[in-house]
Amino acid sequence: MNDQNDTLSVILFSGTDDKLGAAAVLVSGAAAMGRRVDILLQYWALEAFRAGATRKDHGVSPEGGPEGAAALARLADKGAQHWSDLFAVAKDVGEVAIHACAQSMELFGLEKSDLDPIVDDVEGVAAFILEAEGQMVFI
Amino acid sequence: MNDQNDTLSVILFSGTDDKLGAAAVLVSGAAAMGRRVDILLQYWALEAFRAGATRKDHGVSPEGGPEGAAALARLADKGAQHWSDLFAVAKDVGEVAIHACAQSMELFGLEKSDLDPIVDDVEGVAAFILEAEGQMVFI
Amino acid sequence: MNDQNDTLSVILFSGTDDKLGAAAVLVSGAAAMGRRVDILLQYWALEAFRAGATRKDHGVSPEGGPEGAAALARLADKGAQHWSDLFAVAKDVGEVAIHACAQSMELFGLEKSDLDPIVDDVEGVAAFILEAEGQMVFI
């Protein structure tokens, strides 16, 4: 179904550092393989992309526990790239668009100017679906 | 890979109001764009579709925290549509089927009559996969 | 987009018994329908596949609560197959590959020999994406 030029559409809902990290690695990998990537930020992921908030501690999934959080912190201490840097590199390397979900913006009472400049624009879910011509993942 | 007539297949596993809300908006958007949508309710999502249970407070993902829960509650107070209404509208507007996963029904000891009437039927995972001719998301 | 010979690609991130169970049922179903399945273990799912760890209690999603955990435990008492058995059967029945994500291996300081023998090899995200020619789900 998928020739490798198809868009990868990512609905990014979760706002913990582990899931944002997994999403960033997936997006970077796809962009490096020449895939177009379209990201829609919703709910807690949108909150994580607020201006000045990306580098805050966003915690990990409950199942990670204190040990999991410690493993991630160690990685950061060793100089591993933060997920926000990985998204920035992916945008430099490939054709990656980051949209804020219009419905979630309304939910949290946010304006475009409240968001980190890495976010390209505000888009509704219907428009996002219309452009989703390849795989779609919900993270 | 995807012409816009392909089915969107949604495995709906999570039963918190934030994820159910995100799923409802995705399904509504796809239905409004003329996409067929096939939903398989599993585990905690299935529990949220029990008869009489849809409008209960199902909480939010832990990462949402009390602030996130408050944001969702404010939205409801402002008259925003509940996710259960959005699914109902999507079924009216488009070709949307809501199946209860046979394996999860057994897990929780449920019968079809225990579920909200918006659920169409009980279906096994294999049958669901067989009909999944387009994008598949797990929420 | 999808003829039924396409690969189903599963990014398995979560490490709780409920999500691992849902993933195992999905993978078994797809394999039984003759679909090739490619699984990439990340983060907490990778931890759940450590040698000697698969049958430990990995808990359930917070939304499941004590009641949900009890429902899963009852199922096990009734002799239902454990998710690790379901993955093993799927590998016997069909063409199912289980890869450990190279980035997550580094994150947790793991070697291939630290993992359950059901894991086939270690693979980077880019290689996984390159082989992902069908639906992709993130669990």
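The shown structure was predicted, so the numbers you read here are calculated from the model rather than taken from an experiment.

Draft legend 1. Representation of the environment of A32 of chain A within the structure. By the element assignment, A32 of chain A lies in helix α1 (residues 17-32). Along the backbone, A32 of chain A and V119 of chain A are 87 residues apart, and their C-alpha atoms lie at a distance of 20 Å.

Draft legend 2. Molecular detail of the relation of the copies chain B and chain A. Mapping chain B onto chain A leaves a residual RMSD of 0.0 Å; the transformation is a rotation of 120° accompanied by 0.0 Å of translation along its axis. What we have between these two chains is a three-fold relation.

Draft legend 3. Seen up close, the pairing of strand β2 (residues 37-41) of chain A. Residues and elements named next belong to chain A. Along β2, 5 of the 5 residues are buried, which leaves the element largely enclosed by surrounding structure. Residues V37, I39 and L41 of β2 are buried on one face, and the alternating residues D38 and L40, pointing to the opposite face, are buried as well. Sheet analysis places strand β1 (residues 8-12) next to β2, joined by 5 bridges and oriented parallel. Bridge pairing links S9 to D38 in β2. Between the parallel elements β1 and β2, the chain passes through α1 in a crossover that is right-handed. With 5 bridges joining them, β2 and strand β3 (residues 96-101) adopt parallel strand pairing. The residue bridging D38 from the neighbouring strand is A97, located in β3.

Draft legend 4. Structural context of the interface of chain B and chain A. Chain B puts 28 residues into the contact, and the matching count from chain A is 26 residues. Linking chain B with chain A are 4 residue pairs in polar contact (both at pLDDT 80 or more). It is helix α1 (residues 17-32) of chain B that contributes the most residues to the side of chain B that touches chain A, 8 residues altogether. Along the lines of polarity and charge, the residues of the side of chain B that touches chain A split into 16 nonpolar, 8 polar and 4 charged.

Calculation criteria
- Residues numbered from 1 in each chain as written.
- Chains lettered and ligands numbered in written order.
- Predicted model: local features only at pLDDT ≥ 70, side-chain atom pairs only at ≥ 80, totals over all residues.
- Heavy atoms only, no water.
- Helix = DSSP H or I, 4+ residues; strand = E, 2+ residues; numbered from the N terminus.
- Least-squares fit on C-alpha atoms with pLDDT ≥ 70 in both.
- Buried < 20%, exposed > 50% of the residue type's maximum accessible area, 1.4 Å probe, protein only.
- Pairing = 2+ DSSP bridges.
- Right-handed = clockwise from strand over helix to strand, strands pointing away.
- Contact = heavy atoms within 4.5 Å.
- Polar contact = N/O pair within 3.5 Å; in protein donor to acceptor, adjacent residues only side chain to side chain.
- Nonpolar A, V, L, I, M, F, W, Y, C, P; charged D, E, K, R; others polar.

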